[in-house]
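Chain residues, written in single-letter form:
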Amino acid sequence: MFYAFVAHSQNQIIEFRVGYRLNSSIIESEFSENAVVIQKLNEYIAQLNSTDSVSLASVQFGGFASPDGPTSTNLRLARERMSALEKLVRSQIQIPDSLITYNPSYISWDQFESYISGSNHSYKQEVLDVIETSQGNDRIKKLQELQGGLIWDQLKTVLFGDMRSAIVIFTT
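Being a predicted model, the structure only gives us computed values, none of them experimental.

J.: An account of the overall build of the protein is needed here, citing residue identities and associated values.
T.: In terms of regular secondary structure, the protein is built from seven helices and five strands. Computed over its C-alpha atoms, the radius of gyration of the protein comes to 17 Å, within 12% of the 16 Å expected for a compact globule of 172 residues. In terms of overall dimensions, the protein has C-alpha extents of about 55 × 35 × 30 Å along its principal axes. Counting across all 172 residues of the protein, residues that qualify as buried make up 42%. Once local pairs closer than 6 in sequence are excluded, the contacts in the protein between residues at least 24 apart make up 70%. Surface accessibility of the protein: about 9,300 Å² in total, with carbon and sulfur atoms responsible for 49%. Across the protein, 14 positive and 19 negative side-chain charges occur, with their mean positions spaced 4 Å apart.

J.: Please provide a residue-by-residue account of the pairing of strand S3 (residues 58–64), values included.
T.: With five of its seven residues buried, S3 lies for the most part within the structure. Sheet topology places S3 next to strand S5 (residues 165–171); seven bridges connect them, and they run antiparallel. Directly across from Val59, in S5, lies its bridge partner Phe170. Note that S3 and strand S4 (residues 100–103) share four bridges and pair parallel. Looking at S4, one finds that Gly62 is bridged to Asn103.

J.: Quick one: what's the story with helix H5 (residues 136–145), residue by residue and with numbers?
T.: Of all the residues in H5, the buried ones are Arg139, Ile140 and Leu143. When H5 is viewed along its axis, its buried side chains cluster within an angular range of 95 degrees and face the same direction.

J.: Account for the packing of helix H3 (residues 109–117) against helix H4 (residues 124–133), naming residues and giving values.
T.: Their axes nearest at 10 Å, the elements H3 and H4 cross at an angle of 155 degrees. Taken as axis vectors, H3 and H4 run roughly antiparallel relative to one another. Between H3 and H4 lies a crossing of left-handed hand. For the pair formed by H3 and H4, the contact residues are Phe112, Glu113, Ile116 and Ser117 on the first element and Lys124, Val127, Leu128, Ile131 and Glu132 on the second. Residue composition of the contact of H3 with H4, grouped by class: five nonpolar, one polar and three charged.

J.: I'd love a proper account of the packing of H4 against H5, names of residues and values included.
T.: In the contact formed by H4 and H5, the axes pass within 9 Å of each other and the chain directions differ by 160 degrees. The orientation of H4 with respect to H5, classified from their angle, is roughly antiparallel. Judged by the sense of rotation from one axis to the other, the crossing of H4 with H5 is right-handed. Residue-level inspection shows Val127, Val130, Ile131 and Thr133 of H4 in contact with H5, the latter providing Arg139, Lys142 and Leu143. Residues that form the contact of H4 with H5 fall into these classes: four nonpolar, one polar and two charged.

Criteria and cut-off values
Residues numbered from 1 in each chain as written. Predicted model: local features only at pLDDT ≥ 70, side-chain atom pairs only at ≥ 80, totals over all residues. Heavy atoms only, no water. Helix = DSSP H or I, 4+ residues; strand = E, 2+ residues; numbered from the N terminus. Rg over C-alpha atoms; globule rule 2.2 N^0.38 Å. Buried < 20%, exposed > 50% of the residue type's maximum accessible area, 1.4 Å probe, protein only. Contact = heavy atoms within 4.5 Å. Areas by Shrake-Rupley, 256 points an atom, 1.4 Å probe, with all protein chains shown as cover. Lys, Arg positive; Asp, Glu negative; His and termini not counted. Charge placed at Lys NZ, Arg CZ, Asp CG, Glu CD. Pairing = 2+ DSSP bridges. Arc of directions from axis to C-beta. Axes fitted to C-alpha atoms, helices over the stretch in contact; angles between N-to-C directions. Parallel < 35°, antiparallel > 145°, perpendicular 65-115°, else oblique. Left-handed = near helix turned anticlockwise from the far one by under 90°. Nonpolar A, V, L, I, M, F, W, Y, C, P; charged D, E, K, R; others polar.

What follows is the structure, given as structure tokens:
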């Protein structure tokens, strides 16, 4: 998990991502790198609360699941994870509803593709081809069928844990 800071011309964008255990929507500070991310998030919110010179332009929340469970479960977990992070943030800072948007995707295919693109896995191109040529449940089915399921099993081990997450993106 991570936090990132990006400056775009006059806007600054900072993202915080917390991780979740399998089938959980509870933010646990002792899980993964959550303690560091939550500390940085709290510091950032404190900074926003203590200054009038920085104002929020937008705040986006997103919740995600790994693609290895039933769609209905993944949708529920993604919503619950997003809500848990939103509750944590909004308990520390008042944000007008008009500034908030929600990422409706429940599987972070961008994160998935970014990981695969930057990897040196032997199956890299096969997976990228599936991502580029299919969507939704069809994409999942095709990934599960690659090399008789061997690639899917490897993805479950090396990637899916990081996909169980929620993000908040602040734009100032």
